[in-house]
Amino acid sequence: MSLILKDVRKGFHQGETEIQVLRGLNVTIEPGQIVSIVGQSGSGKSTLLSLLAGLERADQGEILVDNVNLTPLTEHQITSFRAQNIAIVFQQYHLIAHLTAVENVMLALEILKMDRPRERAEKALNELGLGHRLNHFPSQLSGGECQRVAIARALVVEPKILLADEPSGNLDIHTGDKVMDIFFEIVRKHKITTILVTHSDVLAKKCERILRLEEGRLKEI
Ligand SMILES: Nc1ncnc2c1ncn2[C@@H]1O[C@H](COP(=O)(O)OP(=O)(O)OP(=O)(O)O)[C@@H](O)[C@H]1O
Ligand SMILES: [Mg+2]
């Protein structure tokens, strides 16, 4: 799926003052492209991802996902569009503590009423090298393993777009590298349009394209 931003603007009110975080973003991302977004802390990277996910609305401009303009959609339409097309991986894993690894992944499929949830969830976890941890609870998994469960949960629904916000930010360098190698392998194999927010130059350079968010605008680097 393609992603097109046309003059996207977003600000926040903080008491009396208003801060303009995104001040006119224009970009076209082709289907299957893997793009990293870099920029200083507070530059608006997470804000941009929440607009792309339809979790927040832009103040101005258009966001076209596969030529569907998100702006005029109702909350209900956005939620359903997101569920069918967009997956998100956060720095925190957001796993459900009382569900096992396989149950956490199955839940994503059950919400979408997809068939054979257990079989699909096991396959996704196997793909991430977690076939031997299916019945462990999050508290019994390492950070890297939890993040791999979160990635499996994101990918199992076969999203067209994957948004990842510093997915290896909580992991040590070695574990982070391993998790991200698998991440890249899977998104390439399935040709998923991927936006990866990262503070790591090394990770950014593994993407096909790097965009820097600076002073509210996106710059190609
Ligand atoms: N809900 C909100 N209300 C008020 N201000 C907000 C809100 N969300 C974000 N901001 C402000 O918008 C700016 C951008 O925040 P954002 O989280 O997008 O930055 P970021 O680039 O993801 O930073 P980091 O690299 O630290 O994660 C920050 O100055 C932040 O304080
Ligand atoms: Mg952020």
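Before reading on, note that the structure itself is shown above.
(A) Representation of the sheet that holds strand β4 (residues 60–65) within the structure. The sheet built from 4 strands is open, its strands ordered β2-β1-β4-β5 with antiparallel pairing. Two strands in the sheet have a free side with no partner beyond their single neighbour: β2 (17–29) and β5 (68–69). As judged from the 2 bridges shared by β4 and β5, these two strands associate in the antiparallel manner. Looking at β5, one finds that Leu-64 is bridged to Asn-69. Packed on one face of the sheet, helix α1 (residues 45–52) meets β1 (3–14), β2 and β4 and runs near 120 degrees to β1.

(B) Region of interest: the pairing of strand β8 (residues 193–197). The element β8 is extensively covered by neighbouring structure, given that 5 of its 5 residues are classed as buried. In β8, alternate side chains face the same way, and those of Thr-193, Ile-195 and Val-197 on one face and Thr-194 and Leu-196 on the other are all buried. By the bridge criterion, 4 bridges tie strand β3 (residues 34–38) to β8 in an arrangement that is parallel. Among the inter-strand pairings, Ser-36 is bridged to a residue of β8, identified as Leu-196. Bridge count between strand β7 (residues 161–165) and β8: 5 bridges; the pairing is parallel. Bridge assignment links Leu-162 to a residue of β8, and that residue is Thr-194. Note on the crossover from β7 through helix α6 (residues 173–189) to β8: the handedness is right-handed.

Conventions used here
- Residues numbered from 1 in each chain as written.
- Chains lettered and ligands numbered in written order.
- Predicted model: local features only at pLDDT ≥ 70, side-chain atom pairs only at ≥ 80, totals over all residues.
- Pairing = 2+ DSSP bridges.
- Helix = DSSP H or I, 4+ residues; strand = E, 2+ residues; numbered from the N terminus.
- Contact = placed C-beta atoms within 7 Å.
- Axes fitted to C-alpha atoms, helices over the stretch in contact; angles between N-to-C directions.
- Buried ≥ 20, exposed ≤ 12 C-beta atoms within 10 Å, placed from the backbone.
- Right-handed = clockwise from strand over helix to strand, strands pointing away.

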